[in-house]
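Observations on the model geometry
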Amino acid sequence: MPNVPWQHARELAHAAGAATPRQRHNVGLNQAVNRVLAADVVAPTDIPHFRASAMDGWAVSGEGPWTVLPGEARSTPRLRPGTAVPIHTGSPVPEGTSAVLRREQAVLNSEASSGAAAGFGAAASSAQLSAQQPLAAHADIRPAGREAAAGERLFAAGTRLTPGHLAAAAVAGCDVLRVYRAPRAALVLTGDEVVAEGQPAHGHVRDAFSPVLPPAIAHLGAEVLATNRIGDHRAQTVDALGRDDVDLIVTTGGTGRSPVDHLRPALQTLGAELIVDEIAMRPGHPALLARRADGVLVAGLPGNPLAAVAAFVTLVQPLLAGLVASPLEPLARAAALETFAPLPGRERLVPARLHTGPGGTSVDAAALRGSAMLRGLADSTCLMVIPPEGVEAGEPVPYVELPWTTYSSVSTLPRS
Ligand SMILES: Nc1nc2c(c(=O)[nH]1)N[C@H]1C(S)=C(S)[C@@H](COP(=O)(O)OP(=O)(O)OC[C@H]3O[C@@H](n4cnc5c(N)ncnc54)[C@H](O)[C@@H]3O)O[C@H]1N2
Ligand code: MOO
């Protein structure tokens, strides 16, 4: 489809990912962060699975004062009314326990000082224990099943796993989780003039993409199997686009229509279908998305670095979400801090920084935002999506987070 409206390009990319057959497998918890659940996680038992003390102190039964029994809670299966036994945080409470008395609220024998001074854990058996204040029934007892009952759904299929999910799964007693296999990608970076290290000579450029694309793709939960650098050469391009051990090939450069741009002709040679053929956006309009006859997807990002990042969030981000059955997220909005004039027929993606202040959340566009520039991007957390009709300062504008924005997507400081 030629010159696809920006939002439609996202939807086509997401649908292309979602239409790709998915594989599922079991992974250990320490391999599961950032993977997407392919099945619900269900509590195998009650969580917690036993009634436990929430504090260090005494398990007591009935009304005080209580006679302290010899031993401690773990070796005491049952308490009778009027008795108590020392207990530690997390230990199972004996049957018959009506409450836990915190050590600092306890008085042993006739001592009026706090339980801390009353020799907790070292009290002689048959000492008399009482509470400084009335003790509520069930005080400081964590009931079994308080967090979840056995069989209850803890996390739904489709959840992207964070360390917090994994900690909860571990506490539930899970060792492996059923997840979608991480999508596999290969990079093909084109350009005779592109060098991978050092200061580029006159007419050459230093590669901007190998530092940004692998972490961005990994952040989105996929693996980069290989990065292949090729010259502006037709046969090399056909060859590089032919690998079949991946779900997705991401290319950079060569999206134009000059004799040295080989991406479109190479895709034609391979019999690939163009799903998106240019996008009504700036920068990044020459970007494309294609599917080979065997289903492998090819996302062609333009060579200009900021244009490539804009095309990445438009095509690759939704596509990778579709590959693991995640929804296409609606865009968040924040107030634009400056006015953008209309640009009929296309969206503009502008690097910007989110800022929270007393008046709410706003987006502050970077100054250096030419399609071949990167300084503005370096200092940004998102791309504003300016609609064709423009936006007035103070109006809400949609934005997409950059695919490496993690825990601090909202800055509390204005751009300096
Ligand atoms: N006659 C026209 N010319 C151009 C048009 C157009 O519509 N008509 N569109 C412009 C736009 S917009 C873009 S974006 C670029 C797209 O270019 P290509 O995707 O074909 O990329 P190249 O020509 O190979 O390179 C463009 C530019 O990017 C630099 N580049 C390439 N790879 C890298 C890299 N790995 N790291 C850093 N920079 C890279 C390359 O040196 C060029 O400067 O076409 C416009 N032209
Ligand atoms: O996609 Mo191009 O950046 O607009 O130069």
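Residues numbered from 1 in each chain as written. Chains lettered and ligands numbered in written order. Predicted model: local features only at pLDDT ≥ 70, side-chain atom pairs only at ≥ 80, totals over all residues. Heavy atoms only, no water.

Section: the site of ligand 1
- Taken together, 20 residues sit near ligand 1, with Glu193, Asp207, Ala208, Thr255 and Gly303 positioned nearest.
- A distance of 2.9 Å is found between a nitrogen atom of ligand 1 and a side-chain nitrogen or oxygen belonging to aspartate 207.
- Interatomic distance of 2.9 Å between a backbone N/O atom of glycine 256 and an oxygen atom of ligand 1.
- Of all the elements in the fold, those that place two or more residues in the shell around ligand 1 are strand 16 (205-206) and helix 6 (305-323).
- For the shell around ligand 1, the class distribution of residues is 8 nonpolar, 8 polar and 4 charged. (Near = heavy atom within 4 Å. Polar contact = N/O pair within 3.5 Å; in protein donor to acceptor, adjacent residues only side chain to side chain. Helix = DSSP H or I, 4+ residues; strand = E, 2+ residues; numbered from the N terminus. Nonpolar A, V, L, I, M, F, W, Y, C, P; charged D, E, K, R; others polar.)

Let's talk about the sheet that holds strand 9 (residues 106-108)
- One open sheet holds the 6 strands; their spatial order is 8-5-7-6-10-9, and the pairing between them is mixed. If you trace the sheet from one side to the other, it starts and ends with strand 8 (99-102) and strand 9, each paired once. Looking at each pair of strands side by side, their axes are set apart by 35° on average, direction ignored. (Pairing = 2+ DSSP bridges. Axes fitted to C-alpha atoms, helices over the stretch in contact; angles between N-to-C directions.)

A word on helix 1 (residues 6-18)
- In a regular helix each residue adds 1.5 Å, so 13 residues correspond to 18 Å; helix 1 covers 19 Å between its end C-alpha atoms and thus fits that length.
- Along helix 1, the positions that sit buried rather than exposed are Trp6, Ala9, Arg10, Ala13, His14, Ala16 and Gly17. Across the axial projection of helix 1, the buried residues extend over an arc of 160°, all falling on one side. (Expected span 1.5 Å × (residues − 1). Buried < 20%, exposed > 50% of the residue type's maximum accessible area, 1.4 Å probe, protein only. Arc of directions from axis to C-beta.)

Looking at the confidence of the model for the protein chain
- Chain-level pLDDT for the protein chain is 92 on average; 94% of the residues reach the 70-or-more range.
- Across residues 110-118 the pLDDT falls below 50, and counting only partners more than four positions away or on other chains, this stretch makes 17 contacts in the model.
- Overall, residues 407-416 carries pLDDT values under 50, and its contacts beyond four positions in sequence, including any with other chains, amount to 22 contacts.
- Scored by ipTM, the complex comes to 0.98, with pTM at 0.88. (pLDDT = per-residue confidence, 0-100. Contact = heavy atoms within 4.5 Å.)

A few points about the layout of surface pockets
- Taken as a whole, the largest pocket holds about 860 Å³ of empty space.
- Around the largest pocket, the lining is made up of 30 residues, and of these Arg160, His219, Leu220, Gln317 and Glu329 lie nearest the centre.
- Counting only elements with at least two residues in the lining of the largest pocket, the list comes to helix 6 and strand 26 (396-401).
- Looking at the lining of the largest pocket element by element, the count peaks at 5 residues for helix 6.
- Considered class by class, the residues forming the lining of the largest pocket number 18 nonpolar, 8 polar and 4 charged.
- In this structure, the second largest pocket occupies an estimated 350 Å³ of space. (1 Å grid on protein atoms, 1.4 Å probe; cavity = no way out; pocket = protein on both sides within 12 Å on 5 of 7 lines; lining within 4 Å. Points joined across faces, edges and corners; volume = space filled by probe spheres on them.)

Concerning the site of ligand 2
- Around ligand 2 sit Pro283, Gly284, His285, Pro286, Asn304, Ala307 and Ser371, and those are all the residues in its vicinity.
- Between ligand 2 and glycine 284, the relevant distance is 2.4 Å, taken from an oxygen atom to a main-chain nitrogen or oxygen of the residue.
- Residue composition of the shell around ligand 2, by class: 3 nonpolar, 4 polar and no charged.

Regarding the UniProt feature "domain: MoaB/Mog" (unreviewed entry) in the protein chain
- Cross-referencing UniProt, the feature "domain: MoaB/Mog" (unreviewed entry) maps to residues 186-322 in the present numbering.
- The straight-line gap between the two end C-alpha atoms of residues 186-322 is 17 Å; of that span, 28% is helix and 30% is strand. (UniProt positions renumbered as here; feature names shortened; annotations may be inferred.)

Quick notes on the pattern of salt bridges
- In this structure the tally under the stated criterion is 13 salt bridges.
- Where glutamate 278 meets arginine 257, a salt bridge forms, and the shortest distance between an N and an O atom there is 3.2 Å. Here the residue glutamate 278 occupies a position in strand 19 (residues 273-282), and arginine 257 occupies one in the loop between strand 18 (248-252) and helix 5 (263-269), the gap between them amounting to 21 residues.
- Owing to a relative accessible area of 57%, arginine 257 belongs among the exposed residues under this scheme.
- The residue glutamate 338 makes a salt bridge to arginine 369 at a minimum N-O spacing of 3.5 Å. One end of the pair, glutamate 338, is in the loop between strand 22 (332-336) and strand 23 (347-357); the other, arginine 369, is in the loop between strand 24 (360-365) and helix 7 (375-378), with 31 residues separating them in the sequence.
- A relative accessible area of 30% means that glutamate 338 is categorised as partly exposed.
- You can call arginine 369 partly exposed: its relative accessible area is 30%.
- When salt bridges that share partners are traced, they join Arg257, Arg264, Asp277 and Glu278 into one network. (Salt bridge = Lys/Arg side-chain N within 4 Å of Asp/Glu carboxyl O.)

Description of the pairing of strand 22
- Sheet topology places strand 22 next to strand 26; 4 bridges connect them, and they run antiparallel. Paired with alanine 335 across the bridge in strand 26 is proline 396.
- Relative to strand 24, strand 22 runs parallel, the two being bridged by 2 bridges. Following the sheet pairing, alanine 335 is matched in strand 24 by serine 362.

Comments concerning unusual backbone geometry
- A cis amide bond, omega -5°, links glycine 64 with the succeeding residue proline 65.
- By the secondary structure assignment, proline 65 is in the loop between strand 5 (57-60) and strand 6 (66-68).
- A cis amide bond, omega -5°, links arginine 282 with the succeeding residue proline 283.
- Secondary-structure assignment places proline 283 in the loop between strand 19 and strand 20 (288-291).

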